[in-house]
Amino acid sequence: MIKGKNAIVTGSTSGIGLAIAHSLAAEGCNILLNGFADKAAITALVAELTKTYNVRVDYSPADMSKPADIADMIAMCDRMFGSTDILVNNAGIQFTAPVDQFPTDKWDAIIAINLSAAFHAIKAALPGMQKRKYGRIVNIASVHGLVASVNKAAYVAAKHGLVGLTKVVAIENGENNITCNAICPGWVHTPLVQKQIDDNAKAQGVSPEDATRKMLDKQAIKQFNKPEQIGGVVVFLCSDTAATMTGTPVIIDGGWTAE
Ligand code: NAD
């Protein structure tokens, strides 16, 4: 159903974004990768995806904290592939500290990368989508777009903002065959979460296994959500089955927010 569409996945050199790139490429989408990694790793990734899925794959080095880079990334996709049909705003970072001790530069970076980057990318991609009367925008939010946890002021604020942005983009573009949805995952085992496991283990003086068990206590299903499951939900949201689903936060959190 989405074979031949052109997709950008921000932050796709690692974790959830990489899994989303695989899932969309497996459906026949051309992929513009983005994110940080060394040159050899990026070259290998482009070659692997191209060969495995027989689609066109390229890479944008855009830094999601820089609006001009983000506009260049959309322009690059339009230039290389002919259009930007699917935009997945996934790049994100984390930092934890109590509000009164939260470093201002970390607040600014999290708001820029986890929230403002999605605004800049959507703003740059929408005119083309509106002209072609087709667009699928998926914002990777978090359960923290719906509920809070201690020590995550910037992350929770950014993800709540991203869910709000998702709804506005959805209602402004309902007549243009453009949908905009958010995905709200619980814990997914990626480098971003491994750092939290290590930090918690250190702070609590326990093993990484015990720190992991405590973190997973938030979920009814006490196992990590898998990156490829998030990829599958992105494919679903881009499919015809979900053509009238818009402005929705799709929760995949092992029951975290059900309680
Ligand atoms: P990750 O650290 O594995 O991947 C983050 C990606 O973003 C990497 O490719 C990195 O290079 C890229 N990135 C970071 N800063 C960037 C910048 N300035 N410009 C361009 N790219 C940048 O993390 P992940 O766990 O895969 O997280 C992906 C998204 O999923 C994030 O938005 C995160 O908030 C969200 N999320 C993660 C979890 C989880 O449990 N892992 C849960 C809910 C939501």
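These numbers come from a predicted model, not from an experiment.

Procedures and definitions
Residues numbered from 1 in each chain as written. Predicted model: local features only at pLDDT ≥ 70, side-chain atom pairs only at ≥ 80, totals over all residues. Heavy atoms only, no water. Domains from an automatic or database assignment. Contact = heavy atoms within 4.5 Å. Buried area = accessible area lost by both parts, 1.4 Å probe. Salt bridge = Lys/Arg side-chain N within 4 Å of Asp/Glu carboxyl O. Polar contact = N/O pair within 3.5 Å; in protein donor to acceptor, adjacent residues only side chain to side chain. Nonpolar A, V, L, I, M, F, W, Y, C, P; charged D, E, K, R; others polar. Helix = DSSP H or I, 4+ residues; strand = E, 2+ residues; numbered from the N terminus. Expected span 1.5 Å × (residues − 1). Buried < 20%, exposed > 50% of the residue type's maximum accessible area, 1.4 Å probe, protein only. Arc of directions from axis to C-beta. Near = heavy atom within 4 Å. Areas by Shrake-Rupley, 256 points an atom, 1.4 Å probe, with all protein chains shown as cover. Axes fitted to C-alpha atoms, helices over the stretch in contact; angles between N-to-C directions. Parallel < 35°, antiparallel > 145°, perpendicular 65-115°, else oblique. Left-handed = near helix turned anticlockwise from the far one by under 90°.

### Points about the domain arrangement of the chain
Phase 1: Per the domain assignment, the segments of the chain are domain 1 (6-186 + 226-252) and domain 2 (189-224).
Phase 2: Here the C-alpha centre of domain 2 lies 25 Å away from the C-alpha centre of domain 1.
Phase 3: Facing eleven residues of domain 1, the contacting portion of domain 2 comprises eight residues.
Phase 4: Interface area lost by domain 1 to domain 2 is led by Gln94, Ser149 and Lys226, which between them contribute 37%.
Phase 5: The tally of links between domain 1 and domain 2 comes to zero salt bridges.
Phase 6: The interface formed by domain 1 and domain 2 includes two residue pairs in polar contact (both at pLDDT 80 or more).
Phase 7: A breakdown of the residues in the side of domain 1 that touches domain 2 according to their chemical character gives three nonpolar, six polar and two charged.

### So, helix 2 (residues 39-53)
Phase 1: Helix length check: helix 2, at 15 residues, gives a terminal C-alpha distance of 21 Å against a target of 21 Å (1.5 Å per residue), a fit within 8%.
Phase 2: Taken as a whole, helix 2 has its buried residues at Ile42, Leu45, Val46 and Leu49. Each buried residue of helix 2 lies within a common arc of 95° when the element is viewed along its axis, so the set occupies one face. Along helix 2, exposed side chains directed more than 90 degrees from the buried face belong to Ala40, Thr43 and Lys51.
Phase 3: Where the residues of helix 2 are buried, they touch helix 1 (15-26), strand 2 (30-34) and strand 3 (57-60).
Phase 4: Of the residues flanking the end of helix 2, it is Asn54, one or two places downstream, whose phi is positive at about 55°.

### Looking at the site of the ligand
Phase 1: Near the ligand you find 31 residues, and of these Ser14, Asn90, Tyr155, Val188 and Thr190 are the closest.
Phase 2: Asp63 places a side-chain nitrogen or oxygen 2.9 Å from a nitrogen atom of the ligand.
Phase 3: At 2.7 Å from an oxygen atom of the ligand is found a main-chain nitrogen or oxygen belonging to Asn90.
Phase 4: Protein contacts shield 93% of the accessible area of the ligand, which totals 830 Å² for the unbound molecule.
Phase 5: Elements that contribute at least two residues to the shell around the ligand include exactly helix 1, helix 5 (153-172) and helix 6 (191-204).
Phase 6: Broken down by element, the shell around the ligand gets its largest block of residues, three residues, from helix 6.
Phase 7: Looking at side-chain class alone, the shell around the ligand contains 16 nonpolar, 13 polar and two charged residues.
Phase 8: Counting contributing residues, the shell around the ligand receives three or more from each of domain 1 (6-186 + 226-252) and domain 2 (189-224).

### Considerations on the packing of helix 4 (residues 104-132) against helix 5
Phase 1: Relative to each other, helix 4 and helix 5 sit at 15°, their axes nearing to 7 Å. Relative to helix 5, the element helix 4 is oriented roughly parallel. With respect to the hand of their crossing, helix 4 and helix 5 are arranged in right-handed fashion. Residues Trp107, Ile110, Ile111, Asn114, Leu115, Ala118, Phe119, Ile122 and Leu126 of helix 4 pack against Ala153, Ala154, Tyr155, Ala157, Ala158, Lys159, Gly161, Leu162, Leu165 and Val169 of helix 5.
Phase 2: Looking at the contact of helix 4 with helix 5 residue by residue, the class counts come to 16 nonpolar, two polar and one charged.

### Focus on the environment of Thr50
Phase 1: Mapping Thr50 onto the fold places it in helix 2.
Phase 2: Remark: the alpha-carbon pair of Thr50 and Asn30, spanning 20 residues in sequence, is separated by 8.9 Å.
Phase 3: Ignoring any residue separated from it by four or fewer positions in sequence, one finds Thr50 in contact with Val55 and Val57.
Phase 4: In this structure the side chain of Thr50 is engaged in a polar contact, spanning 2.5 Å, whose partner is the backbone oxygen of Val46.

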